[in-house]
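# Summary of the model geometry
In case you want the letters, here they are:
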Amino acid sequence: MSGRLLLVLLLCLCGTMDLVQSQGSSQDVFIIQYLDRRLSQMEERLNQCEQKTVSATQKTYDLSSEIRGYLSTLSVLRSEVRSQMDSMSVRVDRVERELEYLENNIPAQTDIEIEEALLEQQIKAAELDQLQTKAKIQVENDCRMVLSEIKSLKIVKKAGDTYGSWFKDPTEGSTKVYMLSGIHNNTLLEYASVHSFTESTTTPPVKVVELPSHWQGTGQVVYNGFLYYHKADTPNQILKVDLLNGTLADSTLLPGAGRLPAYSLNPNTYLDLAVDELGLWVIHADPEYGGNLVITKLDRASLAVEYTWDTPCRSRDAEGAFLICGTLYVVYNTRYGGRSTVQCLYDIHDTIHSDESPVMFFPKRYTSHSSIHYHPGDKQLYAWDDGYQTIYKVETGRSDQVPEE
């Protein structure tokens, strides 16, 4: 009996110990989990603190760099102000010396009258020189031709972009043909003749010339082996390029030009160069003259301005223009495309006038031209017609035989 009691007591004791151990293990797990959570929270807060420290350090560095930039700019401005102040001081000293000189050297009234008379003589001499230059341009050639009819149309080819220009070198004896595709490019294609140009498009051109600068618009022209064109991204700079080697031969800035397009229907062309029996011309529009067209005669060798004429022909609704014997013919159309007409002309010889000349129609083709170039030797117009290269045959007569109204 006592043995059974002892056995029961041992079993109870073991159960009690197991229960105590089980309760102790649960408490340890809870404490460990609690400590782990606290450590994770501390790590997260430390990471946030580190990120904020890095951000603050970067902002401090950026602010320091910005301040250094401001200090550098301030230093430059201070140097500029000091330089301007020094320059102003020098100018003030110079003005004081000049005033002192003028006070001591005021001319007598008779000297002033003599100087005014001399100035008037100089002005008259300059005006006479201009008139003589104009007269020289007018009589240099027996140029009394006037356009009477645009007779026929020949579609030569379709090549290149919608806008472009093509033409022959008008120099006597030259048969070369040139093509410039697009309104902003620097690659010129040179062909030996019109026949070579009209061959299959797979036939390579005789020569590909990479120009030193891009052109602007479609107002280019070749004259005596030199390409003349408006340099892109400049308001009024004209370049002269030797096509033998593609190098720049000369350049000039055309006064007063390039402030608005020459033709409202070709808004990318600001300077339209042309050649006729009298030489090299530039057609452009002048906003101070009501937007009307202006023609300027250039010396093809030096690019010097020989003379400038303001014309009554408007640039609005114009798509192009060309010159024949010193007479400007302006071609008009609509912005939707239509039949091109010559509705205004200006003769530098003052022998014919727009109100005396009938409207001339181009042969029926209801599109628009991006360029029109007259060839004085062939008596033909080389036009770029909506991507088609076309030729118009023109009929001319003597202007002194035009009947008066």
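Everything numeric here is computed off the predicted structure, so don't read it as measured data.

Helix and strand counts for the chain stand at three helices and 20 strands. The buried share of the chain, taken over its 405 residues, is 35%. Sequence separation of at least 24 residues holds for 51% of the intrachain contacts in the chain that already meet a minimum separation of 6. A total accessible area of about 24,200 Å² is found for the chain, and carbon and sulfur atoms account for 54% of it.

So, on to the sheet that holds strand β4 (residues 187-191). Across the sheet, four strands lie side by side as β2-β3-β4-β5; this open sheet has antiparallel pairing. A strand with exactly one partner marks an edge of an open sheet, and here the two such strands are β2 (164-168) and β5 (207-210). On average, each strand axis in the sheet is tilted by 20 degrees relative to the strand beside it, whichever way the strands run. The pairing of strand β3 (residues 177-181) with β4 spans three bridges and is classified as antiparallel. Bridge assignment links V177 to a residue of β4, and that residue is Y191.

The next subject is the pattern of salt bridges. The tally for this structure, following the rule as stated, stands at nine salt bridges. Close ionic contact of K168 with D378 constitutes a salt bridge, the shortest N to O distance being 3.0 Å. A residue pair is termed long-range when its members are at least 10 positions apart, and K168 in strand β2 and D378 in the loop between β18 (369-375) and β19 (380-385) qualify at 210 residues. With relative accessibility at 23%, the residue D378 sits in the partly exposed group. In this structure, E190 engages K176 in a salt bridge whose closest nitrogen and oxygen atoms are separated by 3.7 Å. Pair noted here: E190 is in strand β4 and K176 is in the loop between β2 and β3, with a separation of 14 residues, a long-range link. What makes K176 partly exposed here is its relative accessible area of 35%. Members of the salt-bridge network, linked through shared partners, are R259, D286 and E288.

Let us look at the sheet that holds strand β13 (residues 305-314). The antiparallel open sheet is built from four strands, whose spatial order is β10-β11-β12-β13. The strands lining the two open edges of the sheet, one partner per strand, are β10 (272-276) and β13. Across this sheet, the average inter-strand angle for adjacent strands is 30 degrees, counted without regard to direction. Where strand β11 (residues 279-286) and strand β12 (residues 292-298) come together, seven bridges link them in antiparallel fashion. Bridged to H284 within β12 is V294.

Attention shifts here to the state of the cysteines. Scanning the model with the defined rule gives one disulfide in all. Between the sulfur atoms of C313 and its disulfide mate C344 the distance is 2.1 Å. Between C313 and C344 the disulfide shows an S-S torsion of about -85 degrees. By sign, it is left-handed. Of this pair, C313 sits in strand β13 while C344 sits in strand β16 (residues 341-347), placing them 31 residues apart in sequence. Given the relative accessible area of 10%, C344 is considered buried.

The next subject is the pairing of strand β9 (residues 247-253). Bridge count between strand β8 (residues 237-242) and β9: six bridges; the pairing is antiparallel. Bridging across to β9, L239 finds its partner in S251. Linking β8 to β9, which pair antiparallel, is a turn of four residues; within it G246 sits at a positive phi near 70 degrees.

Moving on, we come to the confidence of the model for the chain. Chain-level statistics for the chain give a pLDDT mean of 84 and a share of 81% at 70 or above. Ranking the helices and strands of the chain by mean pLDDT puts strand β7 (residues 226-230) first, with 98, and helix α2 (residues 109-139) last, with 60.

A few words now on the side chain of T234. One can find T234 in the loop between β7 and β8. Of the residues examined, T234 reaches a relative accessible area of 19% and is grouped as buried. There is a polar contact of 2.7 Å between the side chain of T234 and the backbone oxygen of K231.

Let's shift gears to a nonpolar patch on the surface. A cluster of nonpolar side chains, namely F30, I31, Y34 and L35, defines an oily patch on the protein surface of about 420 Å² accessible area. You can see I31 is positioned in helix α1 (residues 2-104). Looking at I31, the relative accessible area reads 45%, which means it is partly exposed.

With that settled, consider the packing of aromatic side chains. Geometry of an aromatic ring pair is reported as the spacing of the ring centres plus the angle between the planes. Summed over the entire model, instances satisfying the criterion amount to eight aromatic pairs. Each ring, one from W166 and one from Y382, has its centre 5.0 Å from the other, and the planes form 80 degrees; the classification is edge-to-face. Residue W166 is found in strand β2, and its partner Y382 is found in strand β19; the two are separated by 216 residues along the sequence. Of the residues examined, W166 reaches a relative accessible area of 0% and is grouped as buried. We classify Y382 as buried; its relative accessible area is 2%. The ring of F226 is capped by K240, whose NZ or CZ atom sits 4.5 Å from the centre of that ring. Positioned over the ring face of Y388 is R365, at 4.7 Å from the centre of the ring.

Calculation notes
- Counting restarts for each chain: residues are numbered from 1 in the order of the written sequence.
- Local features are withheld for residues below a pLDDT of 70 in this predicted model, meaning they are given only at 70 or higher, and side-chain atom pairs are given and counted only at 80 or more; totals for whole chains, interfaces and linings count all residues.
- Excluding hydrogens and water, the side-chain figures rest on all heavy atoms present in the structure.
- Secondary structure counts use DSSP, requiring at least four H or I residues in a row for a helix and at least two E residues in a row for a strand, with both numbered from the N terminus.
- Relative accessible area decides the class of each residue, using a 1.4 Å probe on protein chains only: under 20% of the type maximum gives buried, over 50% gives exposed, and in between gives partly exposed.
- Whether two residues touch is decided by their heavy atoms; if any such pair falls within 4.5 Å, the residues are in contact.
- Under the convention used here, a 1.4 Å probe and the Shrake-Rupley method define accessible areas, while residue burial counts only the protein chains that appear.
- The criterion for strand pairing is that DSSP finds at least two bridges linking the strands in question.
- Only the stretch in contact is used when a helix axis is fitted, and all axes are lines through C-alpha atoms; the angle between N-to-C directions ranges over 0 to 180 degrees.
- Any carboxyl oxygen of Asp or Glu that lies within 4 Å of a side-chain nitrogen of Lys or Arg is treated as forming a salt bridge with it.
- To count as a disulfide, a pair of cysteine sulfur atoms needs to be within 2.5 Å.
- Values of pLDDT, ranging from 0 to 100, describe the predictor's confidence in every residue of the model.
- In protein, a polar contact requires one atom able to donate a hydrogen and another able to accept it; more generally it is a pair of N or O atoms within 3.5 Å, and residues adjacent in sequence count only if both atoms are side-chain atoms.
- Residues enter patches when they are more than 30% accessible in relative terms and free of salt bridges; like-charged ones are connected within 9 Å and nonpolar ones (Val, Leu, Ile, Met, Phe, Trp, Tyr) within 5 Å.
- The pairing test for Phe, Tyr and Trp rings, Trp by its six-membered ring, is centres within 6.5 Å, and the orientation test on the planes gives stacked under 30 degrees, edge-to-face over 60, and tilted for anything in between.
- Only Lys NZ and Arg CZ are tested; either one counts as a charge over a ring when it is within 6 Å of the ring centre and within 35 degrees of the ring normal.

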